[in-house]
Amino acid sequence: MCKVFFIRSRLVASVLILLCGGAVYAQQPATRYLSDDIPKAWTPDTLFSQQLPPEDLWWSGFNDACLDTLIQEAVDSNHNLLAAADRIRMARAAWRMEQSGFYPSVNFSAGWTKTRNSGYLGREAADNTYSQYASGDLSVSWEIDLFGSIRQRAKAKKELFRASRDEYNGTMVSLCAQVATAYMTLRTYQQQYIVAESNIQSQRSILHITEVRYETGLASQLDVSQAKTVYFNTKASLPSLEAGIEKQINIIAILLGKYPDELRPMLRTTKPLPDYQRLVGIGIPMNLLRRRPDVRQAERTVASYAASVGAAKSDFMPKLYLNGSIGFASRDMDHFFNKRSMTYQLAPTVSWPLFQGTQRIQALASARAQLDSGIEQYNQTVLTAVQEVENAMNSYTHIVKQIAMLKELVAEGEKQSAILRADASKQAAILQAEGAKEAKILEAEAEAQAILKVQQATADAIRLINEADPKEGVLKIKALEAFQTAANGKATKIIIPSEIQGLAGLAASAKTILDTEDPKATMTVTKVKE
């Protein structure tokens, strides 16, 4: 008997050591499962400091009240975030359910029973026996958690509850980042739209100037075509910018759990982009990664799986139950609560499943495989987190450098614009002077052509006057004086009265060559300005 007890004691001790090892195995930090060590420090850069940054409200550095309002509204109304909060409540309820195993279960039962026994249960026939009674009892059953089965299962649910909280935090961080990104993209599109409209106005003026230069012969048709190409190309960018603005408004509305029409009046108001450039605190790699909700969630999940392995191991061990009940039973209700009617039962029970096929072995194998999968996922999450942090730091560094270069480009563009405006003013003055000079030249050429026509007409008129009737000498002399005046370049228009019979040919000739007015008017001479 002592030998059997000693063997059983050693067996129990061995199992306890094994389970304690499993418990320690389940309590190890998740970082022990990393395949590679976390880097000791980030890539050095002057834009980052190895200090812990503020936990929350990172978007307040933009000093944009509209952005602050949108993010607060998103946190309160986003459906994905609300669903994550619901999953927290579910995980908490599951954890509480597992914790209930630490406490005894108490049941109350009551009933009335009437039985009739057979008269042929013995060798000879007998009279039937009857019995009837009422009973009521309070029963208690309590599993004593000797080997940690309940404790490990409760711990597994507790870690999943913590993981659900980290999931909620990760969803919130992602939501705030998405709202801020969409808001900044919206403001960028709006500023690009304003710049495009300004460029269209400038390019329309340039196109008009180019067309004027082409009409005056100072520019080619190619110059006009190129100016139109630039103008229409810039004008064609407006629809895509408008579509981008509407798209970002829709994205923000969905993130806030609202319809776009509710936010469009507020977001349509154009605001400038914030000038944000400052030193960013990131902390050392270990602390920064452990602050990331996705890494903490993966770590909690691994801890939950490790606890599940410990629970699966403890299922191989016996379970101790304390069962008991107390109550009353009586045929007559008058004696129901009598001392002699009281009943009770105390029954400690040990249950040790010796053979169930391979159910528990496969349950342990499944828990270990689940733990291995969680470890691999944890390693991948940490690597992804390191990559994302490094990429974000690298992008921020180069974007800051690009902003500095773009500021220099803008400054040079403003200088060039001032020079071009000065050159344009000079060219406009030159064009105006050349136009005035050309107008004078054309006016002089027109006058010369008119005088030449008058001189030709005068020569023909003098020839006709000489051939006219000598009796009309006075009229001949007056006509001759008029045509001589025109021939001297002092008149460009001569009016000949048609009633002069002897000079009918002269009038006809003058009408065909010169610009004659009413033929019945008195002979006059229109003089040229001195």
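Note that this is a predicted model, so its numbers are computed, not measured. (Residues numbered from 1 in each chain as written. Predicted model: local features only at pLDDT ≥ 70, side-chain atom pairs only at ≥ 80, totals over all residues. Heavy atoms only, no water.)

A.B. asks: Describe the overall build of the protein chain, listing the residues and the values that go with them.
C.D. replies: The helix and strand inventory of the protein chain stands at 11 helices and eight strands. For the protein chain, with 530 residues in total, the buried portion stands at 28%. When the accessible surface of the protein chain is totalled, it reaches about 34,300 Å², and 57% of it is carbon and sulfur. (Helix = DSSP H or I, 4+ residues; strand = E, 2+ residues; numbered from the N terminus. Buried < 20%, exposed > 50% of the residue type's maximum accessible area, 1.4 Å probe, protein only. Areas by Shrake-Rupley, 256 points an atom, 1.4 Å probe, with all protein chains shown as cover.)

A.B. asks: How would you summarise the packing of aromatic side chains if you had to cite specific residues and measurements?
C.D. replies: Inspection of every chain in the model, using the stated rule, returns five aromatic pairs. Ring centres of Phe-328 and Phe-336 lie 6.1 Å apart, and the angle between their planes is 45°; this geometry places the pair in the tilted category. Grouping aromatic residues by their ring pairs yields a cluster made of Phe-328, Phe-336 and Phe-337. Stacked on the ring of Trp-95, the Lys or Arg Arg-96 has its end atom at 4.6 Å from the ring centre. (Phe/Tyr/Trp six-rings, centres within 6.5 Å; stacked < 30°, edge-to-face > 60°. Lys NZ or Arg CZ within 6 Å of the ring centre and 35° of its normal.)

A.B. asks: Give a description of the packing of helix H2 (residues 65–77) against helix H4 (residues 149–215) that names residues and reports values.
C.D. replies: Between H2 and H4, the least distance of the axes is 10 Å, while the angle of their chain directions is 145°. You can see that H2 and H4 cross each other, and the crossing is right-handed. Touching Cys-66, Leu-67, Leu-70, Ile-71, Ala-74 and Val-75 of H2 are Met-172, Leu-175, Cys-176, Val-179, Ala-180, Tyr-183, Met-184 and Arg-187, all from H4. Residues that form the contact of H2 with H4 fall into these classes: 13 nonpolar, no polar and one charged. (Axes fitted to C-alpha atoms, helices over the stretch in contact; angles between N-to-C directions. Left-handed = near helix turned anticlockwise from the far one by under 90°. Contact = heavy atoms within 4.5 Å. Nonpolar A, V, L, I, M, F, W, Y, C, P; charged D, E, K, R; others polar.)

A.B. asks: Explain the nonpolar core to me, using residue names and the numbers behind them.
C.D. replies: Formed by 25 residues in total, the largest nonpolar core has its most connected members in Leu-67, Leu-70, Val-179, Ile-252, Leu-256 and Leu-267. Looking at which element gives the most residues to this core, the answer is H4, with eight residues. Residue contacts for Ile-252: discarding those within four places in its chain leaves Leu-70, Ala-182, Tyr-183, Leu-186, Leu-263 and Leu-267. Among the nonpolar cores identified, the runner-up in size contains 16 residues, and Leu-289, Leu-364, Ile-375 and Val-386 belong to it. (Core = buried A, V, L, I, M, F, W, Y, C linked by side-chain atoms within 4.5 Å.)

A.B. asks: Quick rundown of helix H3 (residues 79–99)? Include the residues and the values.
C.D. replies: Across its 21 residues, H3 extends 30 Å between first and last C-alpha, which sits within 8% of the 30 Å expected from 1.5 Å per residue. For H3, every residue scored as buried is listed here: Leu-81, Ala-84, Ile-88, Ala-91 and Trp-95. For H3, the angular spread of buried residues about the axis comes to 70°, placing them on one side. Away from its buried face, by an angle of more than 90 degrees, H3 presents the exposed residues His-79, Met-90 and Met-97. Looking at the buried side of H3, the elements it contacts are H2 and H4. Its side-chain oxygen placed 3.1 Å from the backbone nitrogen of Asn-80, Asn-78 serves as the N-cap of H3. (Expected span 1.5 Å × (residues − 1). Arc of directions from axis to C-beta. Polar contact = N/O pair within 3.5 Å; in protein donor to acceptor, adjacent residues only side chain to side chain.)

A.B. asks: Give me the sheet that holds strand E2 (residues 105–117): which residues, what numbers.
C.D. replies: An order of E2-E3-E5-E6 is seen for the four strands of this open sheet, with the pairing classed as antiparallel. Taken across any chain shown, the strands that pair with only one partner, and hence form the sheet edges, are E2 and strand E6 (342–351). Within this sheet the neighbouring strands show an average axis-to-axis angle of 20°, counted without direction. As judged from the 11 bridges shared by strand E3 (residues 129–144) and strand E5 (residues 319–330), these two strands associate in the antiparallel manner. Residue pairing in the sheet places Asp-137 in a bridge with Gly-327 of E5. (Pairing = 2+ DSSP bridges.)

A.B. asks: Give me the pattern of salt bridges: which residues, what numbers.
C.D. replies: In total, this model carries 19 salt bridges according to the counting rule given. Across the salt bridge formed by Lys-319 and Glu-143, the nearest N and O atoms sit 3.8 Å from each other. Here the residue Lys-319 occupies a position in strand E5, and Glu-143 occupies one in strand E3, the gap between them amounting to 176 residues. For Glu-143, a relative accessible area of 21% corresponds to the partly exposed category. When the shortest N-O distance is used, the salt bridge between Glu-246 and Arg-268 registers 2.3 Å. Of this pair, Glu-246 sits in helix H5 (residues 221–255) while Arg-268 sits in the loop between helix H6 (260–267) and strand E4 (280–281), placing them 22 residues apart in sequence. Take Glu-246: its relative accessible area is 21%, and that puts it in the partly exposed class. Among the charged side chains, a salt-bridge network with shared partners connects Glu-159, Arg-162, Asp-166, Arg-296 and Arg-300. (Salt bridge = Lys/Arg side-chain N within 4 Å of Asp/Glu carboxyl O.)

A.B. asks: I'd like to hear about the environment of Arg-340, residue by residue, with values.
C.D. replies: Secondary-structure assignment places Arg-340 in the loop between E5 and E6. On the accessibility criterion, Arg-340 (82% relative accessible area) is exposed.

A.B. asks: Before we move on, could you go through the packing of H5 against H6 and cite the residues and values that matter?
C.D. replies: Packing of H5 against H6 leaves a shortest axis separation of 9 Å and a crossing angle of 120°. Classified by the interaxial angle, the pair formed by H5 and H6 is oblique. Handedness of the H5/H6 crossing: right-handed. Here Glu-246, Ile-249, Asn-250, Ile-252 and Ala-253 of H5 come into contact with H6, specifically with Pro-260, Leu-263, Arg-264 and Leu-267. Residue composition of the contact of H5 with H6, grouped by class: six nonpolar, one polar and two charged. (Parallel < 35°, antiparallel > 145°, perpendicular 65-115°, else oblique.)

A.B. asks: If you had to explain helix H8 (residues 293–314) to someone new, which residues and values would you point to?
C.D. replies: Residue pairs spaced three or four apart in an α-helix point in one direction, given the helix's 3.6 residues per turn. Relative to the 32 Å expected for 22 residues at 1.5 Å per residue, H8 spans 32 Å between its end C-alpha atoms, a close match to the ideal helical length. Of all the 22 residues making up H8, 17 are buried; the element is thus mostly covered by neighbouring parts of the structure.

A.B. asks: Kindly report on the environment of Pro-272, identifying the contributing residues and their values.
C.D. replies: The residue Pro-272 is located in the loop between H6 and E4 in this model. Take Pro-272: its relative accessible area is 60%, and that puts it in the exposed class. Note: C-alpha distance between Pro-272 and Arg-187 (85 residues apart in sequence) is 6.8 Å.

A.B. asks: Outline unusual backbone geometry, supporting the account with residue identities and numerical values.
C.D. replies: Unusually for a residue other than glycine, Asn-63 sits at a positive phi of about 55°. Summarising the element assignment, Asn-63 is placed in the loop between strand E1 (48–49) and H2. Overall, Asn-63 belongs to the exposed group, its relative accessible area being 71%.

A.B. asks: How would you summarise empty space enclosed by the protein if you had to cite specific residues and measurements?
C.D. replies: Enumeration over the complete set of coordinates arrives at two cavities of 30 Å³ or more. One number sums up the size of the largest cavity: a volume of about 60 Å³. Lining the largest cavity are Glu-143, Ile-144, Asp-145, Leu-146, Phe-147, Ser-149, Ser-314, Met-317, Pro-318, Lys-319 and Leu-320. Going through the elements one at a time, E3 and E5 are the ones with two or more residues in the lining of the largest cavity. For the lining of the largest cavity, the per-class residue count stands at six nonpolar, two polar and three charged. (1 Å grid on protein atoms, 1.4 Å probe; cavity = no way out; pocket = protein on both sides within 12 Å on 5 of 7 lines; lining within 4 Å. Points joined across faces, edges and corners; volume = space filled by probe spheres on them.)

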